[in-house]
Structures are given as C-alpha cells and as structure tokens.
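Read off the chains here:
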Amino acid sequence: MKTGYSIRTWRMRLFCSEKQMIEATEDLYREAVNFYYELLKDREDLWEENLLAIQGQLEKLTVPGKDGRVPRYIPPGGKLPVYFRRSAMNKAAMAVKTAAGAESFPEKIDANITFFKGMYRDLTDTSVVLKLWNGKKWIWTECSLTGRPFPKEAAILSPTLVHEEKWLMLHVPVKQENSDARTAKERMKEGTRICSVRFTNTDSFAVCTVLDEQSIPLAMKNCSGGKSYRHHCRELLKKIETSKTYTDKDNVTQPNRKYYMHLKHLNEHYAHQASKEIIEFCKKNQAGIIVLPEYEENFSRISMYRSGNYSPLHLSIRIRNYLKYKAWAEGILVLELRADGTEKYCSICGSPGKKQGSLFICRNGHQVNRFLNAARNLGTKCQESFRRNQKTSEKNSDNTAVD
C-alpha cells in the first residue's frame, strides 16, 4: 500500500528565564531578514530561483570564502551562525517572492525567528535548548515547554518562536507517516467504505453514516453538543453587550477582548471535538473516505447568514478545515460533493418525499431522520459517481484496444 506523510504544528508554551536574550536574538534575526530582503529586492534575476539557489547566491555576497573571497556586504552582527543566517535568508527569499507576485514590496519584514538545526537541540515535549544572542556572544540556553506530547515515531522539524498575546510560544512542525496514500479512485475501486456527513443547525453538529461498497448503511453517529455550544456563545455575547457601557470609551484597540478570546477558544474546542468524533467513528468502522456536502455559493452564504455567526451550522466551516488535515494524518481522504437533491428523495427506496419536522417521509411511507436521510443519499451519490466514471473509463479502454 502506498504511504505518504502529513505535517501538523504543535503549539508549545515556552518558558525562558533569559527574556533579554530572547529579545536580543529576535531583534538580530529581524535585522538579518531585512538585510537579505533589501539585497534581494535589487536582484530581480534571483526571484524565480528556488530557495537553495537564492541562499547560495546570498552567501557568495555576504560570507567570506575559503578561497579568500571577500564579501561585498556585511550582515548585521558581523559573522552570523550558519543556520541562523540561512533561516533569515529563507524568510527574506519567501518575502521577496510573495511581494514580487503581488507587485507590492513592503518597507520592512516583521519575521518570527525559525530555529534551524544547529540553533536548537534536545527538543522534547517538556524542554528545549536554544542558541541565543546576549548582545556579545551566542549562548546555549535551556528553556521549559508545556503542551501536548509529541506523537511517537514522528519527525520533529525546525520550530518557530511566536508571540501570542502575553505568551511566548514555540510552534513545532511534526511530520508523521501516513499509512495509506491511495487516491480516492483507487480506494473506491477496491471497495473502501465511506463515511458521509450532513452538518445541521440543531444539537447535532453533524450526522454521519458509514456505507459499504454496495451503499448499505452499516453505522450512524450524531456528533452532539450544538445546544451547549449555542448556549455558551449566547452567555458570552450577553456579557459583551452588558459591559459595552463601561468599555466603549476605553482607549484600547478591542474592548472586551477577553470575552472575544473566550469565544474564539470555544469555537476551537467544539470544532476539534466534533472533528475528532468523526475521525474516531471512521476508524472504528474502517471508513477510508469522508464525503462532505458542497453547496452552491449563494445558498451557503445565505444559510450561514441566517444561522448566525455563533451557531452549530456556522461552526461547520471550522470543522471542515480541521477534518481535512486530521483525516489525512490517519490515512483517510476527505472529498466534497455537490449535495443538490440529497434531501428530496428517500434513501431507502429512492422515491420522492418531504420533510416533516425532524423526519423525512416518502410516498411509500418510509420515515427516516431527515439529516440521516440526506447523509445516506450523499454517500450513495458519491459511490454512483465513481462507478459511472469507472465504467466510462473501462469502455474507452475497450474501444482503444479494438482500434
């Protein structure tokens, strides 16, 4: 079976007793990034080169050579550690490429420092040793970390230092092997089970069903919590509204910021919870594909507007985003398929019908939860689409062989 990999970012809180050294290192890094950025702005011939080629050219311009080459330009701080300067070069190169594409060059680049290998060591989920600048020399400094443990047998990549509010964070990319990198076409041809999902604006964030290769339902699940989510959001919005009398005149960028941050964290919590439940449901029932409903743009926009910014249905946008990377890390593919018509006919017999409250009732008298009915129809529609494409492909192959 083909394998692949996924890269996810672990957000770890960093505690360092040498705050002045952290600040000095960040200042030097920003100076270095802007130094290389200014050099690249005048070298249009390098803009289309890859990062490694750009790095090589910058080193020829700024680093003494073993053959006695004298650099034309001296970087800030003089001689910089090799991996420190290469990290800065890469940030500058990416900034120039982005600016060239947008045809707009900012005056300065405010870059977060990325510690390449050689600038950090002994990175675990509880501590890391960073190479920091104290204004005179480079010193290895041990720092503490808190956060979720790194997965076993994963590759830890170069971390980036990020300021989040009053916290100092280390964003650590983690590379994990994906046990199944087959395409959707390959999976469907081999009879992979699929999990189809219908998002709702009720207590269920999502209604999920697993179908086998013959479109027979095997299992279903409600990802509940919508009422609780809506209630907590309303309570926070009430607090914001009540406190406006006292905070509107505050000389701050965003009054009631702590409440808005609570809302943000609430969104993240419930979206992570729902997406995790869907992934676990797929793993339990051996589903290798997740099918999400896709709607016409105007319909989606109107539906989201009517449901409100802090509704279970509106949260489906974030749930979708989380599902895509979480599923791939587990070897599961996520597809999106137009959901037109999936609510108009019965998933049991295929006859038309109509919804009555939470039920869908067809002409033959079948009664099914309307969200579950739509989810089953979406999954069947996906499977039928692949079957048609496969038959067309086989027919074309036969015609080619005859010719």
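Residues numbered from 1 in each chain as written. Predicted model: local features only at pLDDT ≥ 70, side-chain atom pairs only at ≥ 80, totals over all residues. Heavy atoms only, no water.

1. Description of the packing of helix α1 (residues 19-41) against helix α2 (residues 51-62)
Okay, step 1: Put simply, α1 and α2 touch, their axes get as near as 11 Å, and they point 100 degrees apart. Of the possible angle classes, the one that applies to α1 and α2 is roughly perpendicular. Of α2, the residues touching α1 (which contributes F35, Y36, L39 and L40) are I54, L58 and T62. (Axes fitted to C-alpha atoms, helices over the stretch in contact; angles between N-to-C directions. Helix = DSSP H or I, 4+ residues; strand = E, 2+ residues; numbered from the N terminus. Parallel < 35°, antiparallel > 145°, perpendicular 65-115°, else oblique. Contact = heavy atoms within 4.5 Å.)

2. Regarding the pattern of salt bridges
Okay, step 1: Throughout the structure, instances matching the rule amount to 19 salt bridges.
Okay, step 2: The partner of D340 in a salt bridge is R338, and the shortest N-O contact between them spans 3.0 Å.
Okay, step 3: Among the charged side chains, a network of salt bridges with common partners joins D180, R182, R187 and E190. (Salt bridge = Lys/Arg side-chain N within 4 Å of Asp/Glu carboxyl O.)

3. Quick notes on the side chain of K326
Okay, step 1: Checked against the element boundaries, K326 lands in helix α8 (residues 316-329).
Okay, step 2: Here K326 is buried and forms no salt bridge, its nearest opposite-charge partner E280 lying at an N-O distance of 9.1 Å.
Okay, step 3: Aside from chain neighbours lying at most four places away, what touches K326 is R8, H272, S275, K276 and I279. (Buried < 20%, exposed > 50% of the residue type's maximum accessible area, 1.4 Å probe, protein only. Lys, Arg positive; Asp, Glu negative; His and termini not counted.)

4. Details of the packing of aromatic side chains
Okay, step 1: Per the counting criterion, the structure on display carries nine aromatic pairs.
Okay, step 2: Each member of the aromatic cluster is reached from another via a ring pair, and the members are Y29, F84, W133 and W138.
Okay, step 3: Positioned above the aromatic ring of W140, the side-chain terminus of R121 is 4.3 Å from the ring centre.
Okay, step 4: The ring of W10 has R148 lying over it, and the distance from NZ or CZ to the ring centre is 3.7 Å. (Phe/Tyr/Trp six-rings, centres within 6.5 Å; stacked < 30°, edge-to-face > 60°. Lys NZ or Arg CZ within 6 Å of the ring centre and 35° of its normal.)

5. Examining the sheet that holds strand β14 (residues 359-362)
Okay, step 1: The strand order β13-β14-β15 describes an open sheet built from three strands, whose pairing is antiparallel. Every interior strand has two partners, whereas the edge strands, β13 (353-356) and β15 (367-369), have only one. The sheet shows a mean angle of 30 degrees between the axes of neighbouring strands, direction not considered.
Okay, step 2: Pairing of β13 with β14, which is carried by four bridges, proceeds in the antiparallel orientation. Along β14, the bridge assignment pairs Q356 with L359. (Pairing = 2+ DSSP bridges.)

6. A few points about α2
Okay, step 1: If you check α2, its first and last C-alpha atoms are 16 Å apart, about what 12 residues at 1.5 Å a residue would give, namely 16 Å.
Okay, step 2: What α2 keeps buried is the set I54, Q55, L58, E59, L61 and T62. Taken around the axis of α2, the buried residues stretch over an arc of 160 degrees, which confines them to a single face.
Okay, step 3: Contacts made by the buried residues of α2 are with α1 and α3 (82-102).
Okay, step 4: The N-terminus of α2 is capped by N50, whose side-chain oxygen sits 3.2 Å from the backbone nitrogen of L52. (Expected span 1.5 Å × (residues − 1). Arc of directions from axis to C-beta. Polar contact = N/O pair within 3.5 Å; in protein donor to acceptor, adjacent residues only side chain to side chain.)

7. Re unusual backbone geometry
Okay, step 1: One non-glycine residue, E103, lies in the positive phi region at around 55 degrees.
Okay, step 2: By the element assignment, E103 lies in the loop between α3 and β2 (120-121).
Okay, step 3: A positive phi angle, near 60 degrees, is found at E153, a position not held by glycine.
Okay, step 4: Tracing the chain through its elements places E153 in the loop between β4 (138-146) and β5 (155-156).

8. Side note on the confidence of the model for the protein chain
Okay, step 1: Scored by pLDDT, the protein chain comes out at a mean of 91, with 95% of its residues at no less than 70.
Okay, step 2: Model confidence for the protein chain, summarised as mean pLDDT per element, is weakest for helix α9 (residues 370-402) at 83 and strongest for strand β9 (residues 204-211) at 97. (pLDDT = per-residue confidence, 0-100.)

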